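# Descriptive analysis of the structure
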Amino acid sequence: MAQRDPHMTSRGPAAPALKGGGWHRLGNALKTTVLLAGLTALVLVIGQRLGGAQGLAMAGFFAVVMNFGSYWFSDRIALAIHGAQPLPREQAPWLHEMVERLSARAGMPKPKVYLLPTQQPNAFATGRSPSHAAVAVTAGIVDILDRRELEGVLAHEIGHVRNRDTLIGTVAATLAGVISYAAQMLFWFGGSMLSRGDDEEGGGIAGAMSNLGLLLVAPIAATLLQLAVSRSREYGADATGAELCGDPDALASALLKMERAAEAIPYDRAPATSHLFIVNPLHHGGVMSLFSTHPPIPERVRRLRAMSARLGGRARGGWEYAY
């Protein structure tokens, strides 16, 4: 894995200690509990509408199985979906050293490092805990970013691991997919439910309207809940990553470069996992931007620039952009 920029940044003093990390993770845990409860409740409601008490029991069992599977195998699933391969240390020792240094600053074990065979510059982290984590970068990322910017990206991904974001991102995506799939089942196999009378609830029209409303609302609600998980955590990982590398402007520069490259080289493999990446790999715009799994890049950059100003403007390289 070649690196076109031979410059290696020297950081000097260690990055400042992360502040408020415990409260940040506690806030994430509380939000995660509420969001997962909402997603699970939707699964149970759909199960009840599909099959009454029996459907409710089956939906509950299915939700438990999916949560269990996501917890134990989320890293393997995400990496396999994208064809990621382990990146040998001898192929890119400088990159492994970056990951080791940032992991040490975060107070966690070094994640495994993987390479994705795509020219779009991007990266993501996965794993159920800091001791079972992996960081994956694309083959094209070193053609766009210099090492300073790449360190900012890796710091962001390690920030996700430290903040316990990687597990919830996979679980939320899995449950959201389950809800959408169950709603489709309601459409294709629930015709008898839409037309039958419900003597206990007072008529078939009310039942039909209820099921139709559920059919329309469930996928939207699942998507919105998933977006709420992803967007809030991107801001948190930006902040944590900027503190880990001690250079918020490096991450800001990387985000701007990767956004432009993603528009030129869209990567549409497994769209359901797009929220895992640091920059949305899908081409998007217009109304669809409202449903993006990522916060707007200009807002992320604005926050990072403000953080840099608070830290005393530690930018290196003279990167200047419009945002």
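These lines cover the structure that appears in this document, whether it is placed above or below. No experiment lies behind these values; they were computed from the predicted model shown.

Together, Phe68, Tyr71, Trp72, Phe73, Ile77 and Ile81 make up a nonpolar patch on the protein surface, roughly 550 Å² of accessible area in all. Looking at the element boundaries, Trp72 is found in helix 1 (residues 21-81).

To continue, consider the pairing of strand 3 (residues 123-127). The two faces of a sheet get side chains in turn, since along a regular strand they alternate between them. The buried fraction of strand 3 is high, at 5 of 5 residues. Judged from the 5 bridges that link them, strand 3 and strand 4 (residues 133-138) form a sheet pairing that is antiparallel. Paired with Phe124 across the bridge in strand 4 is Ala136. Taking the residues that link successive antiparallel strands as the turn, the strand 3-strand 4 hairpin has 5 residues.

Next up on the list: the sheet that holds strand 2 (residues 112-116). Strands belonging to one sheet form pairs held by backbone hydrogen bonds; the direction of such a pair is parallel or antiparallel. What the 4 strands build is an open sheet, ordered 1-2-4-3; its pairing is mixed. The two strands at the open ends of the sheet, each matched to only one other strand, are strand 1 (85-86) and strand 3. As judged from the 2 bridges shared by strand 1 and strand 2, these two strands associate in the antiparallel manner. Opposite Pro86, over in strand 2, you have Tyr114 as the bridge partner.

Here helix 2 (residues 93-106) spans 20 Å end to end across 14 residues, near enough to the 20 Å set by a 1.5 Å rise per residue. Taken as a whole, helix 2 has its buried residues at Trp94, Leu95, His96, Met98, Val99, Leu102, Ser103 and Ala106. Count one or two residues on from helix 2 and you reach Gly107, which has phi positive near 70 degrees.

This part takes up the packing of helix 8 (residues 248-264) against helix 9 (residues 297-310). In the contact formed by helix 8 and helix 9, the axes pass within 8 Å of each other and the chain directions differ by 165 degrees. It follows that helix 8 is roughly antiparallel to helix 9 by the angle criterion. For the pair helix 8 and helix 9, the crossing hand works out as left-handed. Residues Pro248, Asp249, Leu251, Ala252, Ser253, Leu255, Leu256 and Glu259 of helix 8 form the contact with helix 9, whose own contacting residues are Ile297, Arg300, Val301, Leu304, Arg305, Met307 and Ser308. Tallied by class, residues from the contact of helix 8 with helix 9 come to 9 nonpolar, 2 polar and 4 charged.

Time to look at the pattern of salt bridges. Per the stated rule, a full pass over the model turns up 10 salt bridges. Arg300 is paired through a salt bridge with Asp238; the nearest N and O atoms lie 2.8 Å apart. Separated by 62 residues along the polypeptide, Arg300 in helix 9 and Asp238 in helix 7 (residues 204-245) bring together distant segments of the chain. Looking at Arg300, the relative accessible area reads 1%, which means it is buried. By relative accessible area, which is 3% here, Asp238 ends up buried. In this structure, Glu299 engages Arg302 in a salt bridge whose closest nitrogen and oxygen atoms are separated by 2.8 Å.

With that settled, the discussion passes to helix 8. In an α-helix, one turn spans 3.6 residues; hence positions three or four apart end up facing the same way. When the terminal C-alpha atoms of helix 8 are compared, their 25 Å separation across 17 residues agrees well with the 24 Å that a helix rising 1.5 Å per residue should span. Here helix 8 lies mainly inside the structure; 14 of its 17 residues are buried.

About the cut-offs
Per chain, residues are indexed from 1 in the order of the written sequence. In view of the model being predicted, local features appear only for residues whose pLDDT reaches at least 70, and side-chain atom pairs are presented and counted only at 80 or more, with totals across whole chains, interfaces and linings using the full set of residues. The basis for every side-chain value is the complete set of heavy atoms in the structure, and neither hydrogens nor water enter the calculation. Patch building starts from residues that exceed 30% relative accessible area and form no salt bridge, then joins like charges within 9 Å and nonpolar side chains (Val, Leu, Ile, Met, Phe, Trp, Tyr) within 5 Å. Areas reported as accessible are Shrake-Rupley estimates using a 1.4 Å probe. Residue values count occlusion only from the protein chains shown. A side-chain nitrogen of Lys or Arg and a carboxyl oxygen of Asp or Glu constitute a salt bridge if their distance falls within 4 Å. For helices the rule is a DSSP run of H or I covering at least 4 residues; for strands it is a run of E covering at least 2, with both sets numbered from the N terminus onward. Type-normalised accessible area, obtained with a 1.4 Å probe on protein chains alone, sets the label of each residue: buried when under 20%, exposed when over 50%, and partly exposed for intermediate values. Pairing between two strands is assigned when DSSP locates at least 2 bridges connecting them. Expected helix span is computed as 1.5 Å times (number of residues minus one). Throughout, an axis means a line fitted to C-alpha atoms (over the contacting stretch in the case of helices), and angles, computed between N-to-C directions, take values from 0 to 180 degrees. Reported orientations rely on four angle classes, namely roughly parallel under 35 degrees, roughly antiparallel over 145, roughly perpendicular from 65 to 115, and oblique for the rest. Less than a right angle of anticlockwise turn of the near helix away from the far helix marks a crossing as left-handed, whereas a clockwise turn marks it as right-handed. In what follows, a contact means two residues having at least one pair of non-hydrogen atoms within 4.5 Å. Charged residues are taken to be Asp, Glu, Lys and Arg, nonpolar residues to be Ala, Val, Leu, Ile, Met, Phe, Trp, Tyr, Cys and Pro, and polar residues to be all remaining types, Gly included.

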